[in-house]
Amino acid sequence: MFFFSRKKQDKQVQFDSNGAIPEHIAIIMDGNGRWAQAKLLPRIAGHKEGMQTVKKIALHAKKLGVKVLSLYAFSTENWKRPNDEVSFLMKLPIDFFSTFIPELQENNIRVTTTGFIDALPEHTQKAVKDAVLQTQHNDGMILNFALNYGSRAEIVEAIKTIAVEFSENPQNITEEIVSDHLWSSHLGQYAEPDLLIRTSGEQRISNFMLWQIAYSECYFTDVFWPDFTQAALEEAIAVYQKRNRRYGGL
Ligand code: V0D
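So, here is what we can say about the structure in this document. Just so we're clear, the structure is a prediction, and the values are computed from it rather than from any experiment.

1. A short note on the overall build of the protein
Here's step 1: For the protein, the helix and strand inventory stands at 7 helices and 6 strands.
Here's step 2: Along the protein, helices (α) and strands (β) appear in the sequence β-α-α-β-α-β-α-β-α-α-β-β-α when read from the amino end.
Here's step 3: Here the C-alpha atoms of the protein give a radius of gyration of 19 Å, agreeing with the 18 Å that 2.2 N^0.38 yields for 250 residues.
Here's step 4: Along the three orthogonal principal directions, the C-alpha set of the protein runs to about 70 × 50 × 35 Å.
Here's step 5: The buried share among the 250 residues of the protein stands at 45%.
Here's step 6: Here the analysis covers contacts within the protein between residues at least 6 apart in sequence; of these, 78% occur between residues at least 24 apart.
Here's step 7: The centroid of the 27 positive side-chain charges in the protein is displaced by 8 Å from the centroid of its 30 negative side-chain charges.

Written out as structure tokens, the structure reads:
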């Protein structure tokens, strides 16, 4: 009968603003190109709209009490994209910086980065470093951009340093030592995401924070990143809250 036909996935989950809010949320912001193609727009139009979503979601995460929001903005694989698309992406931090700094300050949001920043074009590096410097004393929330980031490369870099530091006593290498040598070490107690979100339908991790997501709840949605709303973020948190109640309540 029709009233028994609702699928499991259709069940409404209710966001509870007094419930547990994940302290660190990491997001793979996928689907900007697909959003644009669906609208018969150039892919770069999707990236531009995606940047507006970054602003909206960062402010909403801060309002909900999130401590760290990590966003996968550019992977080490993204260099393979057409030149004009890469050039456009490299201008986005400049755009972001010039239009969003006042709001970052008003909302006490600190910008940090993770990835090979030194390999980015000079103008991109300058915008990123300015954003990091000008917000370095804010302590309301950390907005952590993964730029030219790859998790295996991050782990290899850590191994190189640890190999030198511990050449005499490798038996002293612990999980904590490894964590302390990853690019996420600046996040301290919040280095590991509680919730990982990937938009646009793919259900893969794609080399994002592999070590750090060992215990993260993963949430996948078909929504393209430019269409991801405040309500969509609350829906993801609601699913997280429901899982927490189930597993945490034993
Ligand atoms: C495109 C959707 C903000 C995903 C969001 C260089 C891909 C918009 C930044 C940004 C990108 C990075 C650092 C910073 C300030 C802003 C950004 C890139 C791509 C790649 F300090 N959005 N954004 N960076 N997109």
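We are not done yet, so read on.
2. Here we look at the packing of aromatic side chains
Here's step 1: Within the structure shown, the criterion is met by 9 aromatic pairs.
Here's step 2: When the centroid spacing of 6.0 Å and the interplanar angle of 65° are considered together, the rings of tyrosine 149 and tryptophan 183 count as edge-to-face. Of the two residues, tyrosine 149 is situated in strand β4 (residues 141-149) and tryptophan 183 in the loop between α6 (175-181) and β5 (195-198); the sequence distance between them amounts to 34 residues.
Here's step 3: A residue is classified by how much of its surface remains accessible, and tyrosine 149, at 1% relative accessible area, is buried.
Here's step 4: Given a relative accessible area of 22%, tryptophan 183 falls into the partly exposed group.
Here's step 5: For the ring pair tyrosine 149 and phenylalanine 208, a centre distance of 5.8 Å and an interplane angle of 85° mean the geometry is edge-to-face. Here phenylalanine 208 lies in the loop between β5 and β6 (217-220) and tyrosine 149 lies in strand β4, a separation of 59 residues in the sequence.

3. Points about the environment of leucine 41
Here's step 1: Its location among the elements puts leucine 41 in the loop between α1 (32-38) and α2 (43-64).
Here's step 2: Apart from residues no more than four positions distant in its own chain, leucine 41 is found in contact with Trp35 and Ala36.

4. With respect to the nonpolar core
Here's step 1: Among the nonpolar cores identified, the biggest contains 48 residues, and Ile25, Ile27, Leu69, Leu143, Ile197 and Leu233 are the most heavily contacted of them.
Here's step 2: Top element by residues in this core is helix α3 (residues 83-106). It accounts for 10 residues.
Here's step 3: With residues near it in sequence (within four places) discarded, leucine 69 still touches Ile25, Ile27, Ile57, Ala58, Ala61, Met141, Ile142, Leu143 and Asn144.
Here's step 4: Core analysis: the second largest hydrophobic core is formed by 9 residues, Ile28, Tyr149, Leu196 and Ile213 among them.

5. Overview of the environment of methionine 29
Here's step 1: Following the sequence through the fold, methionine 29 ends up in the loop between β1 (24-28) and α1.
Here's step 2: Judged by relative accessible area, methionine 29 falls into the buried class, the value being 13%.
Here's step 3: Residues methionine 29 and tyrosine 72, spaced 43 residues apart in sequence, show a C-alpha to C-alpha distance of 6.3 Å.

6. Observations concerning the side chain of histidine 60
Here's step 1: Its place among the elements puts histidine 60 in helix α2.
Here's step 2: Taking relative accessible area as the criterion, histidine 60 reaches 9% and is therefore assigned buried.
Here's step 3: Apart from the residues within four sequence positions on either side, histidine 60 is in contact with Gln230, Leu233 and Glu234.

7. A closer look at the site of the ligand
Here's step 1: The immediate surroundings of the ligand are formed by 17 residues, with Asn32, Val54, Leu89, Leu92 and Phe96 found nearest.
Here's step 2: Contact with the protein chains hides 98% of the accessible area of the ligand, taken as 530 Å² for the molecule alone.
Here's step 3: Of all elements in the fold, only α2, β2 (68-75), α3 and β4 reach the threshold of two or more residues within the shell around the ligand.
Here's step 4: Of the residues assigned to the shell around the ligand, the class counts are 14 nonpolar, 3 polar and no charged.

8. Observations concerning the sheet that holds β4
Strand pairing in a sheet relies on backbone hydrogen bonds. The paired strands run either parallel or antiparallel.
Here's step 1: Taken together, the 6 strands give an open sheet; going across it, the order is β3-β4-β2-β1-β5-β6, and neighbouring strands pair in parallel fashion. Looking at which strands have only one partner, the edges of the open sheet turn out to be β3 (109-114) and β6. On average, each strand axis in the sheet is tilted by 20° relative to the strand beside it, whichever way the strands run.
Here's step 2: Examined bridge by bridge, β5 and β6 share 4 bridges and lie parallel to one another.

9. Focus on the packing of α2 against α3
Here's step 1: Interaxial distance between α2 and α3 falls to 10 Å at its minimum, and their mutual angle equals 30°. What the angle tells us is that α2 and α3 run roughly parallel. α2 and α3 meet at a crossing whose hand is right-handed. Between α2 and α3, the contacting residues are Arg43, Ile44, His47, Lys48, Met51, Val54, Lys55 and Leu59 on the first element and Glu85, Phe88, Leu89, Leu92, Asp95, Phe96, Thr99, Phe100 and Glu103 on the second.

Definitions and cut-offs
- Residues numbered from 1 in each chain as written.
- Predicted model: local features only at pLDDT ≥ 70, side-chain atom pairs only at ≥ 80, totals over all residues.
- Heavy atoms only, no water.
- Helix = DSSP H or I, 4+ residues; strand = E, 2+ residues; numbered from the N terminus.
- Rg over C-alpha atoms; globule rule 2.2 N^0.38 Å.
- Buried < 20%, exposed > 50% of the residue type's maximum accessible area, 1.4 Å probe, protein only.
- Contact = heavy atoms within 4.5 Å.
- Lys, Arg positive; Asp, Glu negative; His and termini not counted.
- Charge placed at Lys NZ, Arg CZ, Asp CG, Glu CD.
- Phe/Tyr/Trp six-rings, centres within 6.5 Å; stacked < 30°, edge-to-face > 60°.
- Core = buried A, V, L, I, M, F, W, Y, C linked by side-chain atoms within 4.5 Å.
- Near = heavy atom within 4 Å.
- Areas by Shrake-Rupley, 256 points an atom, 1.4 Å probe, with all protein chains shown as cover.
- Nonpolar A, V, L, I, M, F, W, Y, C, P; charged D, E, K, R; others polar.
- Pairing = 2+ DSSP bridges.
- Axes fitted to C-alpha atoms, helices over the stretch in contact; angles between N-to-C directions.
- Parallel < 35°, antiparallel > 145°, perpendicular 65-115°, else oblique.
- Left-handed = near helix turned anticlockwise from the far one by under 90°.

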